[in-house]
Number of protein chains: 2
Amino acid sequence: MSDSTPQSGSRPKVVVVGAGFAGINAVHQLARHEVDVTLVDRNNFHTFQPLLYQVATSYLPPEQVGATIRAVFRKQRNVKVRVGRVDDVDWDERAVVLEDGDRLPYDYLVVAAGATTNFFGISGMEDHAWPLYTMGDAVRLRLHLLEELERAAAEPSADLARQTVVVVGGGPTGVETAGALAAMGKEHVGGDVDMRVVLVEALPRLLNTFSEKSGRQALDDLRRRGVEVLLDTAVASADDKGVTFKSGERIDTRTVVWAAGVQASPLGRAVGVELGKGGSIVVGPDLQVKGHPGVFAAGDIASISPPPHGTPPPLVAPNAIQQGKHVGRQIARLGAGEQTEPFSYFDKGSMAVIARGDAVTEIPVPGLRGRILRVAGLPAWLLWAGVHVVYLIGFRNRVKTLTDWLWSSLTSSGGGAILVRATRTPKPDVG
Amino acid sequence: MSDSTPQSGSRPKVVVVGAGFAGINAVHQLARHEVDVTLVDRNNFHTFQPLLYQVATSYLPPEQVGATIRAVFRKQRNVKVRVGRVDDVDWDERAVVLEDGDRLPYDYLVVAAGATTNFFGISGMEDHAWPLYTMGDAVRLRLHLLEELERAAAEPSADLARQTVVVVGGGPTGVETAGALAAMGKEHVGGDVDMRVVLVEALPRLLNTFSEKSGRQALDDLRRRGVEVLLDTAVASADDKGVTFKSGERIDTRTVVWAAGVQASPLGRAVGVELGKGGSIVVGPDLQVKGHPGVFAAGDIASISPPPHGTPPPLVAPNAIQQGKHVGRQIARLGAGEQTEPFSYFDKGSMAVIARGDAVTEIPVPGLRGRILRVAGLPAWLLWAGVHVVYLIGFRNRVKTLTDWLWSSLTSSGGGAILVRATRTPKPDVG
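Residues numbered from 1 in each chain as written. Chains lettered and ligands numbered in written order. Predicted model: local features only at pLDDT ≥ 70, side-chain atom pairs only at ≥ 80, totals over all residues. Heavy atoms only, no water.

Asker: Give me the nonpolar core: which residues, what numbers.
Answerer: Residues and elements named next belong to chain B. By size, the foremost hydrophobic cluster in this structure holds 109 residues, and its most contacted members are Val96, Leu109, Leu199 and Leu206. Ranked by the residues each element gives to this core, the list is headed by helix α6 (residues 135–154), at 10 residues. Counting only domains with at least three residues in this core, you end up with domain 1 (2–42 + 84–117 + 262–335) and domain 2 (125–260 + 356–410). Apart from the residues within four sequence positions on either side, Leu206 is in contact with Gly170, Val175, Leu199, Glu201, Gly215, Ala218, Leu219, Leu222, Val229 and Leu231. (Core = buried A, V, L, I, M, F, W, Y, C linked by side-chain atoms within 4.5 Å. Buried < 20%, exposed > 50% of the residue type's maximum accessible area, 1.4 Å probe, protein only. Helix = DSSP H or I, 4+ residues; strand = E, 2+ residues; numbered from the N terminus. Domains from an automatic or database assignment. Contact = heavy atoms within 4.5 Å.)

Have a look at this one:
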């Protein structure tokens, strides 16, 4: 790997593409090393993705679920932030090429561009369903929901489709979104609207990555809270008036929320490297990109070949965090002339919130392979809240987020559910 | 005024148009009276206007400067909220007519539709300047500023116009906005951009409604903080590349902030009542609309004829609050068969913030006519902070706002300056 080591005398340049969990953690890991890091993202902020559903349902303002990258790295002197879109990588010249033509030369490169929504080619879904993967998705869905609820409140008899929301996908995102939506109608329009929330899952159970018992519990809890859960129900198509299932049945709705899948960012495809499943970038056991020494991929965009322990790690935040840290450490090792180490995923367990004060949590018991500790209800929710606060990396401050959050969780004023549309021009949208 | 008294046996219907300071306070005043109130506004939230400049400069999220109307009146049982645009009033049938055709019958009506930006017909201003009167204005300006700053940070040598902001108007809004902008560049893009802030005032002094001494102090403080202040400078026109003064001089800028004036909402004109200066609704000493018993106007849309004490009260929040409360009381009096009372404005003084920890405040001394108590610097800022927290009516809760605010004021992480664009469609804005 000597060809990836820069000439002595100059500080090695590290470019990190993507300020998600993987990118942020790779940069953070390099804080005390003699390198110059440029972190590039098309947004000026990091998104705490596991809480996006709370933005979409107006329980948290975007500012508490995103933090500007500059604020995150305010105290890390060796980081420069560049807001821009990455178009390509010039492998020969070792430079990242931005959309505006700017080039960022690198000695080490970390590709951590994440994933995008995967609609699996289902007819009409891309045009009519609301994804929930980015902050923009969450803000758009929030505004749309508030508009529909206000219209339904104004004319209660008019259009039931306005107060019906169909959530597709019974994984953690779908379960959490459906649970929050069930509360949102009542709390944010003050009982003026009776919202119908339908959760649709193609498999015969919810939370497929959890135990049978947890899936059952999520099902019971959601139903008790008024969510209609349709299992064994595959979606055939969506249009501007509703969603149709493979059975031929149909639900009229103005809001189909897509929480059923993601795929690797198209960046891997664009830069011409060996691709794995769904366009992901194939990396070796140390997360270096095949054939590109000094170049790493981490997080949702990376697929390890061969997978560690025979199974690929799941596309979840803890995996991205661990991979980001690992990549940061490997760059430091290469800089010090050491060999890289293989990545190994440590499964800390899974959590899904069903409602305020109600969650399911599963934690692997160390030393007992395959045994998990199940926690449910309020203790699981408290555990979830604690873990999420701890992980809110570099947000404005942890204490503030904690108090805001506890407050939002204890009260339900819905005061933050304000509906502001911002167009690109200074002209106000007067009617 | 017997024709405005409803038949006994039914609860009188009160319709309040506008959820600004006047409307909110009129409704609140009617809490313990036997009336049914409908509050109608085109937004689902109340805006705490004096803090809009903090939204525009990314110091506070919109959710902390706006609160949903339903949350404000959660505990007031006799209030219904209707989100919609008022088109007309049917005076014969005594009903407010909404844009969608819906009609809200009333026994008593409060018109508190506020004001809109007044560009005084200056060429190009309406199309190219950014007003700062509504939440939408503030959010649009915030996104625009963050975009320009990010572009300037990416290409520092490219375009000085991107990092130049011209604020037109040396009143409290202009002074506060210029002061916050001077801090924003450094704090939100981490010193990557050297922002140029120019404050332009046609008069030979700032803060014209304050004492000479306070105006002088604001000028000195702003200049010390790096704001270029141009006095005696009238604006002739604006275009997409900058602003031109009557002297013929010009400043290249992508951002002209308009803080120089408002006029009454066009609703007065639309409904056909006697109009005063700038299209305001002429009301008698008790704030009842001339020729329309049981109909009141309050706040920025109302002009009292003849003005109390010979001078009209200023278009500021305390006046709107006092007028709103007065109108609520008068409706209660009419309902009880009592005579109405004349409104009298109590001047509590004026405040303008220059920067975090720096303000000017003037308070009339009771009993000493024309004498004012001047407070400046940190004590004035603390006074300002205290008064504003107390007045944040019905926001999610006062304690939370206070802690958020103190925190934002003590730190300057800029972590909330996240740039999220939300379009109307579910499709992400991929490039």
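Asker: Before we move on, could you go through the packing of helix α1 (residues 21–29) of chain A against helix α10 (residues 317–335) of chain A and cite the residues and values that matter?
Answerer: All names here are of chain A. Between α1 and α10, the least distance of the axes is 7 Å, while the angle of their chain directions is 35°. With respect to the hand of their crossing, α1 and α10 are arranged in right-handed fashion. Of the residues in α10, those in contact with Phe21, Ala22, Asn25, Ala26 and Gln29 of α1 are Ala317, Ala320, Ile321, Gly324, Lys325, Gly328 and Arg329. Tallied by class, the residues present in the contact of α1 with α10 amount to 6 nonpolar, 4 polar and 2 charged. (Axes fitted to C-alpha atoms, helices over the stretch in contact; angles between N-to-C directions. Left-handed = near helix turned anticlockwise from the far one by under 90°. Nonpolar A, V, L, I, M, F, W, Y, C, P; charged D, E, K, R; others polar.)

Asker: Summarise the sheet that holds strand β2 (residues 36–41) of chain B; cite the residues concerned and give the values.
Answerer: Residues and elements named next belong to chain B. Taken in spatial order, the 5 strands make up an open sheet running β5-β2-β1-β9-β21, and their pairing is parallel. Whereas interior strands pair on both sides, the edge strands pair on one side only; in this sheet they are β5 (79–83) and β21 (295–297). Between one strand and the next, the sheet's axes are offset by a mean angle of 15°, whatever the strand orientation. Here 5 bridges tie strand β1 (residues 13–17) to β2, and the two strands are oriented parallel to one another. Residue pairing for β2: Val16 is matched across the bridge by Leu39. (Pairing = 2+ DSSP bridges.)

Asker: Before we move on, can you summarise the pattern of salt bridges with the specific residues and values?
Answerer: Residues and elements named next belong to chain A. Applying the stated criterion across every chain, the model contains 39 salt bridges over all chains. For Arg162, the salt bridge identified is with Glu148, shortest N-O distance 2.8 Å. In this pair, Arg162 is assigned in the loop between α6 (135–154) and β12 (164–168) and Glu148 in helix α6, connecting sequence segments 14 residues apart. Side by side, Arg162 and Glu148 carry an identical accessibility label, which is buried. One network of salt bridges, with partners in common, ties together Arg11, Glu34 and Asp36. (Salt bridge = Lys/Arg side-chain N within 4 Å of Asp/Glu carboxyl O.)

Asker: Any chance you could break down the environment of Gly242 of chain B for me, citing the residues and the numbers?
Answerer: All names here are of chain B. In this structure, Gly242 sits in strand β16 (residues 242–245). With 127 residues separating them along the chain, Gly242 and Arg369 place their C-alpha atoms 45 Å apart. When residues no more than four places from it in sequence are discounted, the contact partners of Gly242 are Arg250, Ile251, Asp252 and Thr253.

Asker: Just give me the short version of the sheet that holds strand β1 (residues 13–17) of chain A, but keep the residues and values in it.
Answerer: All names here are of chain A. Read from one edge of the open sheet, 5 strands run β5-β2-β1-β9-β21, paired in parallel fashion. Each edge of the sheet is formed by a strand with only one pairing partner; in this case those strands are β5 (79–83) and β21 (295–297). Neighbour to neighbour, the strand axes of the sheet diverge by 15° on average, direction disregarded. The pairing of strand β9 (residues 108–111) with β21 spans 3 bridges and is parallel.

Asker: Lay out unusual backbone geometry in plain terms, naming residues and giving numbers.
Answerer: A cis amide bond links Ser305 of chain A to the next residue, Pro306 of chain A, at an omega of -10°. Position of Pro306 of chain A among the secondary structure elements: in the loop between β22 (302–304) and α10. A positive phi is found at Arg94 of chain A, a non-glycine position, where the angle reads about 50°. For Leu287 of chain B, which is not a glycine, the phi torsion comes out positive at approximately 75°. The topology assignment puts Leu287 of chain B in the loop between β20 (281–283) and β21.

Asker: An account of the environment of Pro62 of chain A is needed here, citing residue identities and associated values.
Answerer: Its location among the elements puts Pro62 of chain A in helix α3 (residues 62–65). C-alpha separation for the pair Pro62 of chain A and Thr47 of chain A, spaced 15 residues apart in sequence, amounts to 8.9 Å.

Asker: Go over the packing of aromatic side chains, please, and point to the residues and values.
Answerer: Geometrically, a pair of aromatic rings is defined through the distance of the ring centres and the angle of the planes. Under the criterion given, the structure shown has 8 aromatic pairs over all chains. Considering the side-chain rings of Phe21 of chain B and Phe48 of chain B, the 5.5 Å spacing of their centres and the 80° angle between planes classify their relative orientation as edge-to-face. Of this pair, Phe21 of chain B sits in helix α1 (residues 21–29) while Phe48 of chain B sits in the loop between β3 (45–47) and α2 (52–56), and the two are 27 residues apart along the sequence. For the pair shown, Phe21 of chain B and Phe48 of chain B are each scored as buried. On the basis of an interplanar angle of 35° and a centroid distance of 6.2 Å, the ring pair of Trp381 of chain B and Trp384 of chain B is categorised as tilted. Placement of the pair is Trp381 of chain B and Trp384 of chain B together in helix α11 (residues 377–391), with a separation of 3 residues, close to one helical turn. Looking at Trp381 of chain B, the relative accessible area reads 9%, which means it is buried. In this structure Trp384 of chain B comes out as buried when scored by relative accessible area, which is 1%. Chaining the aromatic ring pairs together yields one cluster made of Phe119, Phe120 and Trp258 of chain A. (Phe/Tyr/Trp six-rings, centres within 6.5 Å; stacked < 30°, edge-to-face > 60°.)

Asker: Before we move on, could you go through the pairing of β16 of chain B and cite the residues and values that matter?
Answerer: Residues and elements named next belong to chain B. Residue alternation in β16 divides its side chains into two sets, Gly242 and Thr244 and Val243 and Phe245, and both sets are buried. Two strands pair when backbone bridges link them, and strand β15 (residues 235–239) and β16 are joined in this way by 4 bridges, in the antiparallel orientation. Paired with Asp239 across the two strands is Gly242, which belongs to β16. With antiparallel pairing between neighbouring strands as the criterion, β15 and β16 make up a hairpin whose turn holds 2 residues. The pairing of β16 with strand β17 (residues 250–252) spans 3 bridges and is antiparallel. In the sheet register, Thr244 faces β17, and the bridge partner there is Arg250. Connecting β16 to the next strand, β17, in antiparallel fashion are 4 residues, including Gly248 with a positive phi near 95°.

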